[in-house]
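Below are the chains, spelled out letter by letter.
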Amino acid sequence: MQTIGQYLAEHPFFAGLDDDVLEQLAGCATNVHLHPNEYLLREGEPADRFYAVRRGRVSIEVRKAAGRPVMLDTAQDGEIVGWSWLIPPNLAKFDARATTETSAVAFDAACLRGKCEADPRLGYALLHRVTQVMDRRLQSARLRLLDLYAVEAEA
Amino acid sequence: MTSQAAAAARGVPAPDAVAPARRPDPMLPRPFELQRTRRDTHDTYTLELAPLEGGPLAFASGQFTMLGAFGMGEVPISISGDPTRPGPLQHTVRDVGSVTHAIVTAAPGSVLGVRGPLGAGWNVLAAAGGDVVFVAGGIGLAPLRPAILEVCAHRDDYRQVAVLYGARTPMDLLFLEDLGDWAREYGIAVEVTVERGEEDWEGRVGLVTNLIGRAGFAADRTTGFICGPEVMMRYCATAFIEQGVAENRLRLSMERNMKCGVGLCGHCQLRELFLCVDGPVVTYDRLRPLMSRAEL
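Here the structure is a predicted model, which is why all the values come from computation and not from measurement.

Along the backbone of chain A there are 4 helices and 8 strands. Reading the secondary structure of chain A in the N-to-C direction produces α-α-β-β-β-β-β-β-β-β-α-α. Each of the three principal axes of chain A carries a C-alpha extent, and together these read 60 × 35 × 30 Å. Residue burial in chain A is summarised as follows: out of 155 residues, 29% are buried. In chain A, once contacts between residues fewer than 6 apart in sequence are set aside, the share between residues at least 24 apart is 71%.

Structure below.
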């Protein structure tokens, strides 16, 4: 059976990290399974977990005042969910909900933050990876602001 | 075997073989009877047309026609049918203005004018032997559909094939039946994403650009075919290049204000290119310096 450390070595987010670093990370992690419509994070609540998705799909979404949630992004196998655990005040900015049967590695945020504080090399490695995810999602959000597929009238 | 001969052997007319000059007067529309209109989404329709005289219109994937409603005008519309099977001319049209509205609301039996086929197509044959990635945004799947069908008809000639498709919402997705068929029957990796989903959507939400890095192709043998809004195509091209795909192996279908369709009027000019004859499909090594320049 594959250990969490072995799995993390194969996950794109953790690619390139040394085995000892992966072992440190695995020490804060557990495997979780989520059914459709189970929440990983709730807007405004403590971001006490950070997830690496193994299989399935998670929707990052926001609740409208009196309507259904609007999906802003999805994360699927090989991607991560959550970066608020790293940024004070460590409160989730959005909901994260499994939309299919989902398996993930869940990291305890306090444990991870403690290890990052104690080992700046680990902290930098994680921050470096999280900022790449943030960059990709920021670019995605900006381009979608353009509403590129909207109707353009005939010339 | 020349590429034209090879294309002919596959039943696909090479772009040169279907040049508009085949007809005596390229400005003269050929009358086609509307046989059927299918509503694909809230604003997009697929029409099937049959010529009132002569045989079916031979075309290469990626070519377009100037499709006209008599008394209203004509608009450039890519052909969305199967180039390997003679049959009705298929056009997928989005209802965005007076001419397209007249076209999509025409009753079966109405006569529409068709000039073409026009322009340079995808040249799918050039990708044979390698991996192929199709990236479509919005109604951009319609011009790519003939190329995908051409690959399906000769599936063994290609290695890994992926169709990456992005739309505004789940309600805007086109050709859902085809997407399923391509995955099931032809082993094509079909990935769909939307820009906005609601609670009951189980698929992806995000940019189609983000799917390129996950498509799992071998960069040195991959050809990318991209069709969608220009900004989307530019970012897709960048994503392919980041994966190591050469610029001259990226083919983009450019949309411009085409009028004459035969390289005379200049409405579709992009610096040295007249996109109605030099395009609409152009490789990215030619387009890159032009696409990022203001006022071109």
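What follows concerns unusual backbone geometry. For the bond running from A:Pro88 to A:Pro89, omega is 10°, close enough to zero to count as cis. Among the secondary structure elements, A:Pro89 is positioned in the loop between strand 6 (80–81) and strand 7 (95–98). Following B:Gly279, the chain continues to B:Pro280 via a peptide bond in cis, the omega torsion being 10°. Along the chain, the position of B:Pro280 falls in the loop between helix 7 (275–278) and strand 16 (281–283). The phi dihedral of A:Asn37 falls on the positive side, at around 75°, and the residue is not glycine.

All names here are of chain A. Where strand 1 (residues 29–34) lies against strand 8 (residues 102–108), 6 bridges are found, and the strand directions are antiparallel. Residue pairing across strands places Val32 opposite Ala104, the latter belonging to strand 8. In this structure, strand 3 (residues 49–55) lies alongside strand 8, joined through 6 bridges in antiparallel fashion. Across the sheet, residue Tyr51 finds its bridge partner in strand 8, namely Ala106.

Quick notes on the rules
- Residues numbered from 1 in each chain as written.
- Chains lettered and ligands numbered in written order.
- Predicted model: local features only at pLDDT ≥ 70, side-chain atom pairs only at ≥ 80, totals over all residues.
- Helix = DSSP H or I, 4+ residues; strand = E, 2+ residues; numbered from the N terminus.
- Buried ≥ 20, exposed ≤ 12 C-beta atoms within 10 Å, placed from the backbone.
- Contact = placed C-beta atoms within 7 Å.
- Pairing = 2+ DSSP bridges.

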